Amino acid sequence: MRFRHPDGSTVRLAYCTNVHPAETLDGVLAQLRDHCEPVRRRLGRDRLGIGLWLARDAAHALVTDPSALRGLRTELEHRGLEVVTLNGFPYEGFGAEEVKYRVYQPDWADPERLAHTTDLARVLAQLLPDDVTEGSISTLPLAWRTAYDQERATAAHTALTTLAERLDVLHELTGRSLRIGLEPEPGCTVETTRDALAPLTAIGHDRIGICVDTCHLATSFEDPHTALDALAQARVPIVKSQLSAALHAEHPHLPEVRAALAAFDEPRFLHQTRTLTAAGLRGTDDLGEALAGDALPDASPWRAHFHVPLHAAPAAPLTSTLPVLRAALTRLVGGPHPLTHHLEVETYTWQALPPELRPRARAQLADGIAAELTLARDLLTDIGLKELP
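Residues numbered from 1 in each chain as written. Predicted model: local features only at pLDDT ≥ 70, side-chain atom pairs only at ≥ 80, totals over all residues. Heavy atoms only, no water.

Engineer: Explain the sheet that holds strand β10 (residues 273-277) to me, and be specific about the residues and the numbers.
Structural biologist: Taken in spatial order, the 5 strands of this open sheet run β11-β10-β12-β9-β13, and their pairing is antiparallel. Unpaired on one side and paired on the other, β11 (280-284) and β13 (318-320) mark the two borders of the sheet. For this sheet, the mean inter-axis angle between neighbouring strands, taken without regard to orientation, is 30°. Sheet topology places β10 next to β11; 5 bridges connect them, and they run antiparallel. Bridging across to β11, T275 finds its partner in R282. (Pairing = 2+ DSSP bridges. Helix = DSSP H or I, 4+ residues; strand = E, 2+ residues; numbered from the N terminus. Axes fitted to C-alpha atoms, helices over the stretch in contact; angles between N-to-C directions.)

Right under this line is the structure:
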């Protein structure tokens, strides 16, 4: 979906396909047919943006077989879909029964991460629509915080510098300008936007920036305006923003709130949980840890890294951090000029919701994703952007 900003530039909105796990190219093609095109039809649009997630094997197949890459581009065009951004965070196995800590491997100190992200960039350069010259890829925020020492930090810095050089060459060869955004996430070496400032300014290359995920921003209790202003002052490019909402519990000390939260404690994904105290941010790696005894102070609100559907906040006594998303979006694209031109709804946890809230069929999932995109579209038009055909 495309929107005209008052300054005349185009802001693009997509939804991320990591909600439809697939490890192979055949699986990706099936996603386009079974999920992405039906969402587009529900929205009544001739064209829909998707943020592709390509697992290692799918990306490798595309980069080593030009005919397969041409075939994917043809299939996208045939189904009225376009790609300007990729989700390069998960490497493989995102649809496994238990993902948890595995999603942070390999990290940027491992050669596999550089090789995979290079593959993604080469693929994206060929998938961009003819009238688009800029693409974006979100990626792991360096590493999970444990076992990350100075030696590994140096290796990660070198890898990202190498990637920037490769993107420069790719631009010269194809005319397509691609940028990578580290995506701060609770528990990682780069947990907050503030944590991103030092490594990104040290790299000092405009092809390496940040991806602002509004669920992660909210989980860490970051104020959107303060965070985005700091990025602007440090001249850190906002490569893309993922529009998402976290789980919010205003009164976590109450038994009924604990019971409601427990319904979201599921075995597939990690749901880092945070609370802001007078002494600073406190947290656990997973929601279950927070609910077990007194692992986390409960005198102040809790927020959990659980991407809840944008249009459907959990029932009371819980809610979502949609207000944080609204505030961030106003700052991102509501000013004289957009801070980023790539927006992506990323709610990959539909099948991890409590059983009574999960879609029971493809049609219900398509309805839900279309409803999320409709809400995002309305937020954009409310702040002055104009939807384009």
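Engineer: Residue-level account of the packing of helix α1 (residues 25-43) against helix α12 (residues 362-382), with values.
Structural biologist: Direction vectors running N to C along α1 and α12 enclose 55°, while the axes themselves pass 9 Å from each other. Looking at the two axes, α1 sits oblique to α12. As α1 runs across α12, the sense of the crossing is right-handed. Residues D34, H35, P38, V39, R42 and L43 of α1 pack against R362, A363, L365, A366, D367, I369, A370, L373 and T374 of α12. Residue composition of the contact of α1 with α12, by class: 9 nonpolar, 2 polar and 4 charged. (Parallel < 35°, antiparallel > 145°, perpendicular 65-115°, else oblique. Left-handed = near helix turned anticlockwise from the far one by under 90°. Contact = heavy atoms within 4.5 Å. Nonpolar A, V, L, I, M, F, W, Y, C, P; charged D, E, K, R; others polar.)

Engineer: Describe helix α3 (residues 66-78), listing the residues and the values that go with them.
Structural biologist: Between its terminal C-alpha atoms α3 stretches 18 Å, which fits the 18 Å expected from 13 residues at 1.5 Å a residue. Of all the residues in α3, the buried ones are A68, L69, L72, R73 and L76. The buried residues of α3 all sit within an arc of 140° when viewed along its axis, so they share a single face. Those residues of α3 that are exposed and angled more than 90 degrees off the buried face are P66, R70, E77 and H78. (Expected span 1.5 Å × (residues − 1). Buried < 20%, exposed > 50% of the residue type's maximum accessible area, 1.4 Å probe, protein only. Arc of directions from axis to C-beta.)

Engineer: Outline the environment of L379, supporting the account with residue identities and numerical values.
Structural biologist: Residue placement: L379 occurs in helix α12. L379 sits in the buried class, given a relative accessible area of 9%. C-alpha of L379 to C-alpha of I238: the two residues are 141 residues apart in sequence and 19 Å apart in space. Those residues in contact with L379 that sit more than four places away from it in its chain are L325, R326 and L329.

Engineer: Any chance you could break down the pairing of strand β3 (residues 48-53) for me, citing the residues and the numbers?
Structural biologist: Counting buried residues in β3 gives 6 out of 6 residues, a clear majority hidden from the surface. Residues L48, I50 and L52 point to one face of β3 and G49, G51 and W53 to the other, with burial holding for every one of them. Where strand β2 (residues 10-16) lies against β3, 3 bridges are found, and the strand directions are parallel. The partner of C16 across the bridge, within β3, is G51. Examined bridge by bridge, β3 and strand β4 (residues 81-87) share 5 bridges and lie parallel to one another. Bridging across to β4, L52 finds its partner in L86.

Engineer: Requested: an account of the side chain of T340, with residues and values cited.
Structural biologist: Along the chain, the position of T340 falls in the loop between α11 (322-333) and β14 (342-345). Assessed through its relative accessible area of 1%, T340 is described here as buried. A polar atom in the side chain of T340 sits 3.2 Å from the backbone oxygen of V239. Here H342 takes part through its backbone nitrogen, which lies 3.4 Å from a polar atom of the side chain of T340. With residues up to four places along the chain from it excluded, the contact list for T340 reads V11, I238, V239, K240, S241, L332 and V333. (Polar contact = N/O pair within 3.5 Å; in protein donor to acceptor, adjacent residues only side chain to side chain.)

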